[in-house]
Amino acid sequence: QVQLVESGGGLVQAGGSLRLSCAASGRTFSSYAMGWFRQAPGKEREFVAVISWSGGGIYYIDSVKGRFTISRDNAKNTVYLQMNSLKPEDTAVYYCAAGLGGWGTRAADFGSWGQGTQVTVSS
């Protein structure tokens, strides 16, 4: 088990940037792949990005490639999502999640979830 707490969400104008952080508990943080998901009003939870436990494997959904960057600092038990060139379509509650065994892009590939942080992009 790992406990996750997101922070860094807020209101930003289109074209602006936000940096989300996810603080994880436990000394075994480095053993987990970490992912970011988002859920917009009226839509299902959507995969955004994932990073392997070593940091060597990274994958993004097509709509955020070139704009978002996922990273992790295992010494600080923290995963980040740097979001640049934000669009109104990025408006959603963003969740971080810890992988179960390997890493993937489905919610079922992750076992522990944070409480979510709201990101609102105005036009």
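Provided above is the structure to which this section pertains.
The following refers to the structure shown. (Residues numbered from 1 in each chain as written. Predicted model: local features only at pLDDT ≥ 70, side-chain atom pairs only at ≥ 80, totals over all residues. Heavy atoms only, no water.)

**Some points on the nonpolar core**
Operational definition: Here, nonpolar core means buried Ala, Val, Leu, Ile, Met, Phe, Trp, Tyr and Cys residues that are tied together by side-chain atoms lying within 4.5 Å of each other. Only protein chains enter the accessibility calculation, which uses a 1.4 Å probe; a residue whose area is less than 20% of its type maximum is buried, one above 50% is exposed, and one in between is partly exposed. Runs of H or I in DSSP of at least four residues are treated as helices and runs of E of at least two as strands, each being numbered from the N terminus.
Within the largest apolar cluster, 33 residues are counted, with the highest numbers of intra-cluster contacts made by Trp 36, Leu 81, Met 83 and Tyr 94. Contributions of two or more residues to this core are made by β3 (18–24), β4 (34–39), β5 (46–51), β7 (68–73), β8 (78–83), β9 (92–99) and β11 (117–122).

**Thoughts on the pattern of salt bridges**
Operational definition: One speaks of a salt bridge when a side-chain nitrogen belonging to Lys or Arg is within 4 Å of a carboxyl oxygen belonging to Asp or Glu.
Counted by the stated rule, this structure contains five salt bridges. Arg 67 is the partner of Asp 90 in a salt bridge, and the nearest nitrogen-oxygen pair spans 2.8 Å. Highlighted residues: Asp 90 in the loop between β8 and β9 and Arg 67 in the loop between β6 (58–60) and β7, separated in sequence by 23 residues. With a relative accessible area of 10%, Arg 67 lands in the buried category. Ionic pairing is found between Arg 106 and Asp 109, a salt bridge with its closest N-O pair at 3.4 Å. Asp 109 gets classed as buried once you look at its relative accessible area, which sits at 19%. A network of salt bridges, in which partner residues are shared, links Arg 38, Glu 46, Arg 67 and Asp 90.

**Some remarks on the sheet that holds β8**
Note the following rule: In this scheme, strands are said to pair when DSSP sees at least two bridges between them. For helices, the axis comes from a line fit to the C-alpha atoms of the stretch in contact; other axes are also lines fit to C-alpha atoms, and the angle between any two N-to-C directions lies between 0 and 180 degrees.
On the basis of which strands lie adjacent, the open sheet formed by four strands has the order β1-β3-β8-β7 and antiparallel pairing. The open sheet has two edge strands, β1 (4–7) and β7, and neither has a second partner. Taking each pair of neighbouring strands and ignoring which way they run, the sheet shows an average axis angle of 15°. Two strands pair when backbone bridges link them, and β1 and β3 are joined in this way by four bridges, in the antiparallel orientation. Across the sheet, residue Ser 7 finds its bridge partner in β3, namely Ser 21.

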